[in-house]
Amino acid sequence: KITDSEASRMARWVLLANVKARFARGSSEGILDQDLSVLRDKGGAEQLLERLVNQVGRLEITPSELIGRNTGSGLFKTMFLAFKEDGAKDWNTNLEISVNHSGKQDKLQFHHIFPTAYMKKQSKLMDLPSTDDIANLAFIGGKTNREISDKAPVDYLKKILEGPGVKQLQNQAIPTNPDLLRPEAFADFLIKRRELIAERLNRFLGNA
C-alpha cells in the first residue's frame, strides 16, 4: 500500500518513462529488472525517477524532441492526455475529445492541421516538411475531419479564429496567428507549435 502522494509520483514516473521511451533503449528486460529491484528494496518514485534521469539526462521535454515524431510516439499519446486535461473539444461540434466516442460522426480521429492532400499540391511549388509530424496533428471528430478534407487551414479556420472557438485551438496548442496558417509558413508553424506543445507537456508532466 502506498500513500496518495506517492501514487501521484508513481503516475508521473510512468508517464515520463513512456515519453522518454525508457524501455525502448537497450535491453528492455534488463531495464525493467532494474526498476523492479528498486521496488523490491522498498524504493519508490523518487528512486525510479533518478534512474530515468541517469538514463536520459533530463526530464524536461524540449521542442527539438518533437521533430519527426509520429503517432507511434509516447509523446503523441501524452499530448492527447494533456489536451484532454485542458478540456479540449472538437472546434466545430464542441464535443470533448475522448476515446470513448463512437459512431461515424463523433469517433475521435487525429487530423492533419495542414491536410496532406492539400500540402502535396503545394510541395510542387516549394520544399516542405512532412505533414505526419505530430506538431501538425490535432484531435477532432470524424464529421469535422471530413468537412475539412483538403482545405487550407487559413481558410477552414478563419471563422473559428474570429469567434469563441479560438479557445479550442489554444487548448490543443495550435498557433492562432493567421500568418502561420499559410502553406509557405508551414515550417514556421511547426516550430511554433512544437514550442507550445513542449510547454504544455512540461506542465502536464510536472516539469514546469
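Being a predicted model, the structure only gives us computed values, none of them experimental. (Residues numbered from 1 in each chain as written. Predicted model: local features only at pLDDT ≥ 70, side-chain atom pairs only at ≥ 80, totals over all residues. Heavy atoms only, no water.)

**Student:** Run through the packing of aromatic side chains, naming residues and quoting values.
**Tutor:** All chains considered together, the criterion is met by 7 aromatic pairs. Judged by centre distance (5.8 Å) and plane angle (85 degrees), the ring pair of Phe76 and Phe110 falls under edge-to-face. In this pair, Phe76 is assigned in helix 4 (residues 74–85) and Phe110 in strand 1 (residues 108–112), connecting sequence segments 34 residues apart. Overall, the relative accessible area of 9% leaves Phe76 in the buried class. Ring pairing ties together the aromatic residues Phe76, Phe80, Phe83, Phe110 and Phe139, which thus form one cluster. (Phe/Tyr/Trp six-rings, centres within 6.5 Å; stacked < 30°, edge-to-face > 60°. Helix = DSSP H or I, 4+ residues; strand = E, 2+ residues; numbered from the N terminus. Buried < 20%, exposed > 50% of the residue type's maximum accessible area, 1.4 Å probe, protein only.)

**Student:** Break down the confidence of the model for the protein for me, citing the residues and quoting the values.
**Tutor:** Detailed reading of the predicted coordinates is not advisable wherever pLDDT falls low. The predicted model of the protein averages 87 in pLDDT, with 93% of residues at 70 or higher. Across the protein, element-level confidence peaks in helix 10 (residues 186–204) with a mean pLDDT of 96 and bottoms out in strand 1 with 79. (pLDDT = per-residue confidence, 0-100.)

**Student:** Account for helix 1 (residues 4–19), with residues named and values stated.
**Tutor:** Across its 16 residues, helix 1 extends 23 Å between first and last C-alpha, which sits within 8% of the 22 Å expected from 1.5 Å per residue. Count one or two residues on from helix 1 and you reach Ala21, which has phi positive near 55 degrees. (Expected span 1.5 Å × (residues − 1).)

**Student:** Just give me the short version of the side chain of Asn207, but keep the residues and values in it.
**Tutor:** Relative to the helices and strands, Asn207 resides in the segment after helix 10. A polar atom in the side chain of Asn207 sits 2.9 Å from the backbone oxygen of Leu59. If we skip the residues at most four places from it in the chain, Asn207 touches Arg12, Leu16, Leu59, Glu60, Ile61 and Asn202. (Polar contact = N/O pair within 3.5 Å; in protein donor to acceptor, adjacent residues only side chain to side chain. Contact = heavy atoms within 4.5 Å.)

**Student:** Tell me about helix 4, residues and numbers included.
**Tutor:** Given a rise of 1.5 Å per residue, 12 residues ought to cover 16 Å, and the 17 Å separating the end C-alpha atoms of helix 4 matches this to within 8%. What helix 4 keeps buried is the set Gly74, Leu75, Phe76, Thr78, Met79, Phe80, Ala82 and Phe83. Between the side-chain oxygen at the start of helix 4 and the backbone nitrogen of Leu75 there is a gap of 3.0 Å, and the oxygen is on Ser73. Two residues or fewer past helix 4, Gly87 is found with a positive phi of approximately 80 degrees.

**Student:** I'd like a rundown of a nonpolar patch on the surface, residues and numbers included.
**Tutor:** A surface patch of nonpolar side chains, about 300 Å² in accessible area, is lined by Phe23, Leu32, Leu36 and Leu39. Turning to its location among the elements, Leu36 is positioned in helix 2 (residues 28–40). (Patch = residues over 30% accessible without salt bridge, like charges linked within 9 Å, V, L, I, M, F, W, Y side chains within 5 Å. Areas by Shrake-Rupley, 256 points an atom, 1.4 Å probe, with all protein chains shown as cover. Salt bridge = Lys/Arg side-chain N within 4 Å of Asp/Glu carboxyl O.)

**Student:** Please give an account of the packing of helix 4 against helix 10 that cites residues and values.
**Tutor:** Between helix 4 and helix 10, the least distance of the axes is 10 Å, while the angle of their chain directions is 75 degrees. Between helix 4 and helix 10, the interaxial angle falls into the category roughly perpendicular. Contact residues: helix 4 offers Leu75, Thr78, Met79, Leu81, Ala82, Phe83 and Glu85, while helix 10 offers Arg193, Ile197, Arg200, Leu201 and Phe204. Split by residue class, the contact of helix 4 with helix 10 holds 8 nonpolar, 1 polar and 3 charged. (Axes fitted to C-alpha atoms, helices over the stretch in contact; angles between N-to-C directions. Parallel < 35°, antiparallel > 145°, perpendicular 65-115°, else oblique. Nonpolar A, V, L, I, M, F, W, Y, C, P; charged D, E, K, R; others polar.)

**Student:** Explain the nonpolar core residue by residue, including any values.
**Tutor:** Most often, soluble globular proteins have nonpolar side chains that are buried together. Residues Leu66, Leu75, Met79, Phe83, Phe139, Ile197 and Leu201 are the most contacted members of the largest nonpolar core, which totals 31 residues. The biggest single contributor to this core is helix 4, with 6 residues. Core analysis: the next-biggest nonpolar cluster, separate from the first, contains 21 residues, Tyr118, Val154, Tyr156 and Leu190 among them. (Core = buried A, V, L, I, M, F, W, Y, C linked by side-chain atoms within 4.5 Å.)

**Student:** Any chance you could break down unusual backbone geometry for me, citing the residues and the numbers?
**Tutor:** In this structure, Lys42 is a non-glycine residue whose phi angle is positive, near 70 degrees. With respect to the helices and strands, Lys42 occurs in the loop between helix 2 and helix 3 (45–56). The exposed category is assigned to Lys42, whose relative accessible area is 77%. For Ala173, which is not a glycine, the phi torsion comes out positive at approximately 55 degrees. Relative to the helices and strands, Ala173 is located in the loop between helix 9 (166–170) and helix 10. Judged by relative accessible area, Ala173 falls into the buried class, the value being 7%.

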